[in-house]
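# Survey of secondary and tertiary structure
Here are the chains, one letter per residue:
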Amino acid sequence: MSSVSVRLPTVMRPQANGESVVSAEGESVGDVLQNLVAEFPGLRENLLDDEGSVRKFVNIYVNDEDIRFMEKLETPVEGTDEVTILPAVAGG
Amino acid sequence: MLIITRQQWLKIVNEAWRVYPLEACGLLLGSIDAESSTANVERFVPIDNAAASAKLYALEGSQFSKTALSADREGLEIVGVVHSHTHTRAYPSQTDVSEGTRPLVPPDWHWPILSLAGGFPELRSFQFDQKSDDKSSDSVGIVEEPIRFLE
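In what follows, the accompanying structure is described. Treat the numbers as computed from the prediction; the structure is a model and nothing was measured.

## Overview of the pairing of strand 1 (residues 3–7) of chain A
Looking along a regular strand, one sees the side chains alternate between the two faces of the sheet. In the sheet, strand 1 of chain A pairs with strand 2 (residues 21–25) of chain A via 5 bridges, with the strands oriented antiparallel. Note that in strand 2 of chain A the partner of R7(A) across the bridge is V21(A).

Below, the structure written as structure tokens:
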């Protein structure tokens with residue numbers, strides 16, 4: 001199984017020992033996120049809902065591509081990929 | 001307080017007129033002094049408005065992700081988000097407040113708004129003061145902050 005780097009938004013960093021980038025294993029984005037919250041349980045509340053889906057208003061990117069425009073949580077990842085978690089930012 | 005150079009302010013104004021009558025938006029990079037709630041804006045990075053609307057904006061995700069990465073690499077923080085109001089005054093809308101206080105949005109961000117409604121650009125800046133754990137918009141105070149322009 002490959003390990004990829006995950007770039008965390010500033011609000012999540014305190015729940016990951018203050019790190020901006022952590023590594024997590026997985027062959028898909030969904031795997032990576034599950035392993036991420038297994039290692040840093042404090043990240044779960046802001047990231048996943050009770051069913052384990054990514055919360056609304058949270059966007060996940062693989063190498064700057066939004067996973068909604070790829071294969072969502074099934075999007076495959078490998079060693080050199082970088083997963084980025086960011087809030088959706090909008091207004092009126 | 002928001003501190004910004006006239007050069008970066010002009011870039012915001014230019015971007016707002018460029019996409020007018022749609023709303024413009026972008027990220028502000030620099031540093032935040034937490035104690036005094038002061039944002040020192042070193043750079044405005046325009047981001048496409050994914051909503052492509054005169055009434056709404058949404059930061060285009062791929063550009064947001066790239067900018068967040070390059071800011072990290074340069075040791076800059078994202079200090080806030082600026083957007084334009086093309087038909088209303090430079091004051092946060094209900095949508096600005098509810099979207100700007102979502103859980104992963106940093107509570108220390110600054111939210112300047114550039115209004116073009118009067119035919120002349122007016123920049124005002126705000127922070128959203130989340131007083132309690134209750135995230136209903138009634139509990140969020142809109143706090144206007146002074147802007148200091150640097151040459």
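Now, onward.
## Details of the interface of chain A and chain B
Each partner contributes to the interface: chain A provides 22 residues, whereas chain B provides 29 residues. With both chains or domains summed, chain A and chain B bury close to 2,000 Å², and 62% of this area falls on carbon and sulfur atoms. The largest share of the area that chain A buries against chain B comes from D64(A), V89(A) and G92(A), three residues that together contribute 32% of it. Taken together, the connections running from chain A to chain B amount to 2 salt bridges. With a shortest N-O distance of 3.2 Å, D72(B) and R13(A) are connected by a salt bridge. For the pair chain A and chain B, the number of links is 11 residue pairs in polar contact (both at pLDDT 80 or more). For the side of chain A that touches chain B, the secondary-structure elements that each account for two or more residues are strand 3 (58–62), strand 5 (82–87) and strand 6 (90–91) of chain A. Of the residues that constitute the side of chain A that touches chain B, the class distribution is 12 nonpolar, 6 polar and 4 charged. Note: strand 6 of chain A against strand 4 (residues 57–58) of chain B, 2 bridges, orientation antiparallel. Across the sheet, residue A90(A) finds its bridge partner in strand 4 of chain B, namely A58(B).

## Some remarks on the pattern of salt bridges
Residues and elements named next belong to chain B. By the definition in use, this model includes 9 salt bridges over all chains. Measuring nitrogen to oxygen at the nearest pair gives 2.8 Å for the salt bridge that ties E151 to R6. Residue E151 is located in the segment after strand 9 (147–150), and its partner R6 is located in helix 1 (residues 6–19); the two are separated by 145 residues in the primary sequence. E144 is the salt-bridge partner of R124, the closest N and O atoms lying 2.7 Å from each other. Of this pair, R124 sits in strand 7 (residues 122–130) while E144 sits in strand 8 (residues 140–145), placing them 20 residues apart in sequence. Judged by relative accessible area, E144 falls into the partly exposed class, the value being 41%.

Parameters and conventions
- Residues numbered from 1 in each chain as written.
- Chains lettered and ligands numbered in written order.
- Predicted model: local features only at pLDDT ≥ 70, side-chain atom pairs only at ≥ 80, totals over all residues.
- Heavy atoms only, no water.
- Pairing = 2+ DSSP bridges.
- Helix = DSSP H or I, 4+ residues; strand = E, 2+ residues; numbered from the N terminus.
- Contact = heavy atoms within 4.5 Å.
- Buried area = accessible area lost by both parts, 1.4 Å probe.
- Salt bridge = Lys/Arg side-chain N within 4 Å of Asp/Glu carboxyl O.
- Polar contact = N/O pair within 3.5 Å; in protein donor to acceptor, adjacent residues only side chain to side chain.
- Nonpolar A, V, L, I, M, F, W, Y, C, P; charged D, E, K, R; others polar.
- Buried < 20%, exposed > 50% of the residue type's maximum accessible area, 1.4 Å probe, protein only.

Everything listed here is a matter of geometry and, on its own, says nothing about what the molecule does.
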